[in-house]
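Tertiary structure, described
Single-letter residue listing:
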Amino acid sequence: MNSLNSEAFALFGQHILWSDMVGNLFGLAALALGWRRSIWTWPVQFLAGLILFGAFFGHLTGSAGKQAVVMLVALYGWWQWQRGKGQAEDGHIAVRFATWRERGAMIAAAAAGTVAVALLFKAYPTLSWDPWPDAYIFVGTIVAMYAQARGMVEFWFAWLLVDLVGVPLNFANGYAFSGFVYVIYGALVLWGMRDWWLRSRRDTRPVLEGAPA
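Residues numbered from 1 in each chain as written. Predicted model: local features only at pLDDT ≥ 70, side-chain atom pairs only at ≥ 80, totals over all residues. Heavy atoms only, no water.

**Describing the nonpolar core**
By size, the foremost hydrophobic cluster in this structure holds 42 residues, and its most contacted members are Leu31, Trp42, Phe155, Trp156, Trp159, Tyr182 and Trp196. Among the elements that line this core, the one with the most residues is helix α5 (residues 131-149), at ten residues. If sequence neighbours within four positions are ignored, Phe155 has contacts with Leu31, Ala144, Ala147, Gln148 and Trp196. (Core = buried A, V, L, I, M, F, W, Y, C linked by side-chain atoms within 4.5 Å. Buried < 20%, exposed > 50% of the residue type's maximum accessible area, 1.4 Å probe, protein only. Helix = DSSP H or I, 4+ residues; strand = E, 2+ residues; numbered from the N terminus. Contact = heavy atoms within 4.5 Å.)

**Quick notes on the packing of aromatic side chains**
Going through the model one piece at a time under the given rule, you end up with eleven aromatic pairs. Relative to Tyr146, the ring of Tyr76 lies with its centre 6.1 Å away and its plane at 10°, an arrangement referred to as stacked. Residue Tyr76 is found in helix α3 (residues 61-84), and its partner Tyr146 is found in helix α5; the two are separated by 70 residues along the sequence. A relative accessible area of 28% places Tyr76 in the partly exposed class. Residue Tyr146 is classed as partly exposed on the basis of its relative accessible area, which comes to 35%. Taking 5.2 Å as the distance between ring centres and 85° as the angle between the ring planes, the aromatic pair formed by Phe97 and Trp197 counts as edge-to-face. A residue pair is termed long-range when its members are at least 10 positions apart, and Phe97 in the loop between α3 and α4 (100-123) and Trp197 in helix α7 (residues 176-201) qualify at 100 residues. (Phe/Tyr/Trp six-rings, centres within 6.5 Å; stacked < 30°, edge-to-face > 60°.)

**Section: the confidence of the model for the protein**
A residue-level look at the protein finds 75% of positions with pLDDT of 70 or above and a mean pLDDT of 80. Ranking the elements of the protein by mean pLDDT puts strand β1 (residues 7-11) last with 60 and α4 first with 95. Ignoring residues within four places in sequence, the model shows residues 204-209, a span with pLDDT below 50, making seven contacts including any to other chains. (pLDDT = per-residue confidence, 0-100.)

**A look at the packing of α4 against α5**
Two quantities define a packed helix pair, namely the angle between the axes and the distance from one axis to the other. At a closest axis distance of 8 Å, the pairing of α4 and α5 adopts a crossing angle of 145°. Here the hand of the crossing between α4 and α5 comes out right-handed. On α5, the residues that touch Met106, Ala109, Ala110, Gly113, Thr114, Val115, Val117, Ala118, Phe121 and Lys122 of α4 are Pro131, Trp132, Asp134, Ala135, Tyr136, Phe138, Val139, Val143, Tyr146 and Ala147. Taken together, the residues of the contact of α4 with α5 break down into 16 nonpolar, two polar and two charged. (Axes fitted to C-alpha atoms, helices over the stretch in contact; angles between N-to-C directions. Left-handed = near helix turned anticlockwise from the far one by under 90°. Nonpolar A, V, L, I, M, F, W, Y, C, P; charged D, E, K, R; others polar.)

What follows is the structure, given as structure tokens:
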């Protein structure tokens, strides 16, 4: 896996690693597929996590562990979307806004999770270079993927909040390609948010609170 961490090229004085480039290109493709509500978004997200896991394993244990969690959530998302196929008129999953109870639960989980993960990173400094923003991005990504798995429009809002911290953090830590990709993420998020927002109004069957998305 050392070849994954070799330099691919330099851009604007930043060294672009193969692992950083390939893994994030798959992540970008997964987000685009999520916008189209294609179930293939989940295998692609899993593959992106697998590539980054292989790149980090053995020398960045914390980063590898985070990718393992991302892969587990991708499997959950695949399962959820398999169950939800055909809910919308076009044969894909139906999208909706979360209930206020669901929003409150996700916000509480994000806040508590960020604190818990940041404290873990601070207790074991080898797991992260920047405990608090790294924890925020990690937990925010998990919350966004969960909301996506449930077909919630809030998925896009969560990704937007992750982007606001992810762009400067990746550039600061030398992962320039991740930083550039997060900028593109921002544009996709805005387009995807509009699309899901409009689709939620055309949903043919309301989803009751507590029911599977």
